[in-house]
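Structural characterization, general
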Amino acid sequence: MAEVVEAGGWGLLAGSALLVGAVLGYALRIPQWVNASVMAFGAGVLLSAVSFELVEEAYQLAGLAPAAVGTVAGAVAYTAGNVLLARRGARHRKRSGAHQRQPSETQVAGSGLALALGALLDGVPESAVIGVSLVDGGAVSLVTVVAVFISNVPEGLSSSAGMRAAGRGPGYVFGVWGGIAAASTVAAVLGYSAVGGLSPAVIAAVTALAAGAILAMIADTMIPEAFENAHLAIGLITVSGFLVSFSLSHL
């Protein structure tokens, strides 16, 4: 029981960064190049965590096949969900720029719900893998928690700025991100409780599944937002985030 509570606590901590970012993005008029730079840094942090914590852990647990199959399956599942939501107005849910703006409810009916579901699709794999990390050895992967927390701030920041630009009120914006923070808690608990006691091959596949979904999310939603407003600096900023996460994993 204590481990379940711990998993939920870590998931809530990581998910709360989304709400922090949402408050900043909605309340402040942050320049788009700052949004893009923070998003690039967060993408680099997550890329490192996926490489050295998730896929590597899956490989060490069960070898190449479960790691590879799980990663591909996660990317396919994420992409399928993303395609469905994109058709309903959630394609640019992390975009805050004028060229690729989120649609208002008047422009695309049902886009508000699609945006909320898109945020849920982005956040669940990250939180679930935090719970899964507790299964092996009973200690959470602090690098994964830190990486998810750091990357969640720019996600919430940029997306809430885009929601504000689309005319959505604070009740909707903070309701969405507060709900996602709560869902992160549930996802971490389920990640721990559903995987605990299963074979190393299954744990590896689930870990890789989350890794594949996160990688697809980075490529589809985070990097485009960063590139749109930080063309020349995105590479350097992303590498900086990558190295910060890499350093944490080797301390």
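Provided above is the structure to which this section pertains.
Described in the following lines is the structure provided in the data block. (Residues numbered from 1 in each chain as written. Predicted model: local features only at pLDDT ≥ 70, side-chain atom pairs only at ≥ 80, totals over all residues. Heavy atoms only, no water.)

Remarks on the overall build of the protein
The cut-off we apply is this: Each helix is a run of H or I in the DSSP string that is no shorter than four residues. Each strand is a run of E no shorter than two, and both are numbered from the N terminus. Here's how the labels work: a residue is buried when its accessible area is under 20% of the maximum for its type, exposed when over 50%, partly exposed in between, all with a 1.4 Å probe on protein chains only. Accessible areas in this description were obtained via Shrake-Rupley with a 1.4 Å probe; residue shielding takes into account the shown protein chains only.
Counting its regular elements, the protein contains eight helices and zero strands. Overall, the protein shows an N-to-C arrangement of helices and strands of α-α-α-α-α-α-α-α. Across the 251 residues in the protein, those meeting the buried criterion constitute 47%. Put simply, the protein shows about 10500 Å² of open surface, and 72% of that area lies on carbon and sulfur atoms.

What about the layout of surface pockets?
To keep things clear, this is the line we draw: Using only the protein atoms, space was sampled on a 1 Å grid; points where a 1.4 Å probe fits but cannot get out form cavities, open sets with protein on both sides within 12 Å along at least five of seven lines form pockets, and lining residues are those with an atom within 4 Å of a point. Grid points are joined across faces, edges and corners, and a volume is the space filled by probe spheres set on the points. We call Asp, Glu, Lys and Arg charged. Ala, Val, Leu, Ile, Met, Phe, Trp, Tyr, Cys and Pro are nonpolar, and the rest, Gly among them, are polar.
There is about 300 Å³ of room inside the largest pocket. Along the walls of the largest pocket sit 21 residues, with V124, P125, A128, L209 and A210 positioned nearest its centre. Counting only elements with at least two residues in the lining of the largest pocket, the list comes to α3 (64–90), α4 (111–133), α6 (170–195) and α7 (200–229). Across the lining of the largest pocket, the residue classes tally to 19 nonpolar, two polar and no charged.

With respect to a nonpolar patch on the surface
As a reminder of what qualifies: Any residue with relative accessible area above 30% and no salt bridge may belong to a patch, with like charges joined within 9 Å and the nonpolar Val, Leu, Ile, Met, Phe, Trp and Tyr side chains within 5 Å. By definition, a salt bridge exists where a carboxyl oxygen of Asp or Glu is found within 4 Å of a side-chain nitrogen of Lys or Arg.
On the surface, V146, V244, L248 and L251 cluster together into a nonpolar patch covering about 350 Å² of accessible area. Within the secondary structure, L251 sits in the segment after α8 (234–249). The exposure class assigned to L251 is exposed, which follows from its relative accessible area of 85%.

Let's talk about the nonpolar core
In plain terms, the rule: As used here, the term nonpolar core means buried Ala, Val, Leu, Ile, Met, Phe, Trp, Tyr and Cys residues forming a set that is joined through side-chain atoms within 4.5 Å. By definition, residues are in contact when any of their heavy atoms lie within 4.5 Å.
Residues L46, L54, I214, M217, I218 and M222 are the most contacted members of the largest nonpolar core, which totals 23 residues. Looking at this core, the elements with two or more residues in it are α2 (32–62), α4, α5 (142–165), α7 and α8. If one sorts the elements of this core by residue count, α7 sits on top with nine residues. Those residues within four positions of I214 in sequence are excluded, and the remaining contacts are L46, V50, L54, P125 and E126. Judged by nonpolar contacts, the second largest core, of nine residues, contains A22, V176, W177 and I180.

Observations regarding empty space enclosed by the protein
With the rule as written, the count across this model stands at two cavities of 30 Å³ or more. Here the second largest cavity defines a volume of roughly 30 Å³. Lining the second largest cavity, in full, are L46, A49, V50, L54, E126, V129, T144, A147, V148 and I214. Mapped onto the lining of the second largest cavity, the elements with two or more residues apiece are α2, α4 and α5. In terms of residue count, the dominant contributor to the lining of the second largest cavity is α2 (four residues).

Digging into the side chain of S151
Take S151: it is sitting in helix α5. The exposure class of S151 is buried, given its relative accessible area of 0%. In this structure, S151 is in contact with G42, L46, E126 and M222, ignoring residues within four places of it in sequence.

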